[in-house]
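What the coordinates show
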Amino acid sequence: MPIVVVVGGQWGDEGKGRIVDLLARKARVVARYSAGNNAGHTIVNERGEFKLHLVPAGIFYPEKTCVIGNGVAVDPEVLLGEIDALESRGIDTSRLILSDRAQVIMPWHKRLDQLDEEMRGDAAIGTTGKGVGPCFIDKVARRGIRVGDLLQADDLTGCITTTLAYHNRVITGVYGGAPITFEECFDVYRNYGIRLRSHVGDVQAVVLDAHRRGEYVLLEGAQGSLLDLDHGTYPYVTSSVPSSSSSGAALGVGIGPTDIQRVVGVFKSYSTRVGNGPFPTELHDETADAIRDHGKENGRGEYGTTTGRPRRIGWLDAVAAKYSVRMNGLSALALTRLDVLDNLPSIKICTAYELDGQIIETLPSRESVLNRITPIYEELPGWQSPTTDVRNFDDLPVQAQAFIRRVETLLGCPVDLISVGPEREQAIIVNPIF
Ligand code: IMP
Ligand code: MG
């Protein structure tokens, strides 16, 4: 049975959570494989609205095993907060398994995230400030603290002592910040270890055993491919591998790339970005405001789940999207928030860029070049009627059908799923993904 990966195709916030929530119905295991609590999913189901940052969206189905893989940076305070919040609303979290190899976000990571952004000044990345970047830096520098280290008091003492000595020199010497004491960290993190112990397990075995038993496994990406450390709009990217490219997904749970059968890319019907960095199709007009505030009265506008920041808005960028289709080896697209375009008289799609008088159809790698390109648009008529109650492709207004067909042609990939509202049922399944 297939292992299916769901990845964000743009700059994050494409609605992966609701697509995973929908697909999780058939899966046995749902696993997070990258990033940390910089990510945020909003999920609406019969129990109400939930905002998740670490726990996989499959947790709402009682019989699913949910996994946090080795590729995730875990802030134990946030994870335990989510577990408590879910339990207090009657959702059983005993099926949540956390890799002992996952990196832990420590107090100095959060401090460094903030200090480093301040030092960058005008060139700040616009991070979520959750310490995720500095945590991945420690992973690569081979001084990270992992979930397994929290379980043993003497291991933890050793890890904190060495790492903290190094970081305090950086915090005070490089950034002029205040040092962090051993006492501030040890008891708190030791206690996190005690509380998390029952969740710690062998993630790789859980995923592969389910796969070999013939059950469906869903690997849930966080953020978007254009924030990918290798392939995104560097340096305005995140510090992990959100894409399935270079097998980021396989790496993040400890399986081989040949175990993955399908990769579904989630794209909004337009584009958004939070944080700084190039955004070729960005709009600064009333269309952007209309898109951002669509459904705002129901808490559904384009504002960050993690930071509450207003999201930058733009038209769908088919050049960047096609790049994303290729880097992920996508087999299908899920197009979300189609209903947000319901009232617009016309809709644009960027089909190429103009750079120094030349037409280009690829995404340049350098910021200075990305800032010089002008998008070339194709304009399609809007449908100006509600799609929120539509459940079959053929019942969509013809203009909406034409828009979707055009997206498929430009991206060279079929649209298998369309979402027309936040509720689990507000979806059009064109081709079943499982
Ligand atoms: P960091 O991941 O907090 O280091 O932030 C790096 C960049 O990634 C910033 O532009 C953030 O706004 C962006 N980012 C990180 N996580 C998310 C997410 O879940 N959705 C959208 N953008 C994100
Ligand atoms: Mg999000």
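Residues numbered from 1 in each chain as written. Chains lettered and ligands numbered in written order. Predicted model: local features only at pLDDT ≥ 70, side-chain atom pairs only at ≥ 80, totals over all residues. Heavy atoms only, no water.

Below, the discussion takes up the overall build of the protein. A count of helices and strands for the protein gives twelve helices and 20 strands. Computed over C-alpha atoms, the radius of gyration of the protein comes to 21 Å, within 12% of the 22 Å expected from 2.2 N^0.38 for 434 residues, which places it in the range of a compact globule. If one aligns the C-alpha atoms of the protein with their principal axes, the spans along those axes are about 65 × 50 × 45 Å. Scored against the burial criterion, the 434 residues of the protein give a buried share of 59%. In the protein, the proportion of contacts linking residues at least 24 apart, taken out of those at least 6 apart, comes to 75%. When the accessible surface of the protein is split by element, carbon and sulfur atoms take 49% of a total near 17200 Å². (Helix = DSSP H or I, 4+ residues; strand = E, 2+ residues; numbered from the N terminus. Rg over C-alpha atoms; globule rule 2.2 N^0.38 Å. Buried < 20%, exposed > 50% of the residue type's maximum accessible area, 1.4 Å probe, protein only. Contact = heavy atoms within 4.5 Å. Areas by Shrake-Rupley, 256 points an atom, 1.4 Å probe, with all protein chains shown as cover.)

Ligation of the magnesium ion (ligand 2) by protein atoms is provided by D13 (OD) and G40 (O), these donors lying 2.1 to 2.3 Å from the ion. Here D13, found in the loop between strand 1 (3-8) and helix 1 (16-23), pairs with G40, found in the loop between strand 2 (29-32) and strand 3 (41-45); they are 27 residues apart in sequence, far enough to count as distant. (Donors = N, O, S within 2.8 Å, 3.2 Å for Na, K, Ca; no water.)

We now examine the site of ligand 1. Around ligand 1, 16 residues are found, and the nearest of them are N38, T128, Q223, T238 and R309. Within the backbone of G126, an N or O atom sits 3.4 Å from an oxygen atom of ligand 1. Contact with the protein chains covers 97% of the free accessible surface of ligand 1, which is 470 Å². Here the shell around ligand 1 is built from residues that sort into six nonpolar, eight polar and two charged. If you count residues domain by domain, the shell around ligand 1 takes at least three from each of domain 1 (3-91 + 202-429) and domain 2 (103-198). (Near = heavy atom within 4 Å. Polar contact = N/O pair within 3.5 Å; in protein donor to acceptor, adjacent residues only side chain to side chain. Nonpolar A, V, L, I, M, F, W, Y, C, P; charged D, E, K, R; others polar. Domains from an automatic or database assignment.)

The next point concerns helix 7 (residues 203-212). All of the buried residues along helix 7 are V203, V206, V207, L208, A210 and H211. You can read the cap of helix 7 off the contacts: a side-chain oxygen lies 3.4 Å from the backbone nitrogen of Q204, and it is on D202. Following helix 7 by one or two positions, G214 has its phi on the positive side, about 85°.

Interaxial distance between helix 3 (residues 107-120) and helix 5 (residues 153-173) falls to 11 Å at its minimum, and their mutual angle equals 20°. Taken together, the axis directions place helix 3 and helix 5 in an arrangement best described as roughly parallel. Seen along the crossing, helix 3 lies across helix 5 with a hand that is left-handed. Of helix 5, the residues touching helix 3 (which contributes W108, R111, L112 and L115) are I160, T163, L164, H167, V170 and I171. Here the contact of helix 3 with helix 5 is built from residues that sort into seven nonpolar, two polar and one charged. (Axes fitted to C-alpha atoms, helices over the stretch in contact; angles between N-to-C directions. Parallel < 35°, antiparallel > 145°, perpendicular 65-115°, else oblique. Left-handed = near helix turned anticlockwise from the far one by under 90°.)

This brings us to the domain arrangement of the protein. Once the domains are mapped, the protein shows domain 1 (3-91 + 202-429) and domain 2 (103-198). The gap between the C-alpha centroids of domain 1 and domain 2 is 29 Å. Buried area between domain 1 and domain 2, summed over both chains or domains, comes out near 1900 Å², and the portion from carbon and sulfur atoms is 59%. Where domain 1 packs against domain 2, one counts three salt bridges. Among the salt bridges present, the one from K110 reaches D75, with a minimum N-O distance of 2.9 Å. Here domain 1 and domain 2 share eight residue pairs in polar contact (both at pLDDT 80 or more) between them. Broken down by secondary-structure element, the contributors of at least two residues to the side of domain 1 that touches domain 2 are strand 6 (73-74) and helix 2 (76-88). (Buried area = accessible area lost by both parts, 1.4 Å probe. Salt bridge = Lys/Arg side-chain N within 4 Å of Asp/Glu carboxyl O.)

The calculated volume of the second largest pocket comes to roughly 180 Å³. Taken together, L22, L23, R25, K26, L417, I429, P432, I433 and F434 make up the lining of the second largest pocket. For the lining of the second largest pocket, the residue count by class is seven nonpolar, no polar and two charged. (1 Å grid on protein atoms, 1.4 Å probe; cavity = no way out; pocket = protein on both sides within 12 Å on 5 of 7 lines; lining within 4 Å. Points joined across faces, edges and corners; volume = space filled by probe spheres on them.)

Right, let's talk about the sheet that holds strand 10 (residues 217-224) for a bit. The mixed open sheet is built from ten strands, whose spatial order is 9-7-5-2-10-1-11-15-19-20. Only two strands of the sheet have a single partner each, and these edge strands are strand 9 (200-201) and strand 20 (427-429). Taken together, the five bridges between strand 11 (residues 260-268) and strand 15 (residues 332-336) define a ladder with parallel strand orientation. Looking at strand 15, one finds that K268 is bridged to T336. Sheet strands in contact with helix 12 (residues 398-411) are strand 11, strand 15 and strand 19 (415-419), and its direction is about 140° off that of strand 15. (Pairing = 2+ DSSP bridges.)

Quick look at the packing of aromatic side chains now. Overall, the coordinates contain five aromatic pairs when judged by the stated rule. Ring centres of Y189 and Y192 lie 5.0 Å apart, and the angle between their planes is 75°; on these two criteria the pair is classed as edge-to-face. Taken together, the residues span about one helical turn, with Y189 and Y192 both in helix 6 (residues 182-196) at a distance of three residues. For the pair Y189 and Y192, one class covers both residues: buried. The aromatic ring of Y61 is capped on one face by K64, whose charged end is 5.3 Å from the ring centroid. The side chain of R143 reaches across the aromatic face of Y166, ending 3.7 Å from its centre. (Phe/Tyr/Trp six-rings, centres within 6.5 Å; stacked < 30°, edge-to-face > 60°. Lys NZ or Arg CZ within 6 Å of the ring centre and 35° of its normal.)

To continue, consider the nonpolar core. Ranked by size, the top nonpolar core spans 59 residues in total, and within it L79, W108, I160 and L218 carry the most contacts. It is helix 5 that contributes the most residues to this core, six residues altogether. Among the domains, domain 1 (3-91 + 202-429) and domain 2 (103-198) are the pair contributing at least three residues each to this core. Among all residues touching I160, those that are not within four sequence positions of it are M106, W108, I145, A165, F182, C185 and F186. (Core = buried A, V, L, I, M, F, W, Y, C linked by side-chain atoms within 4.5 Å.)

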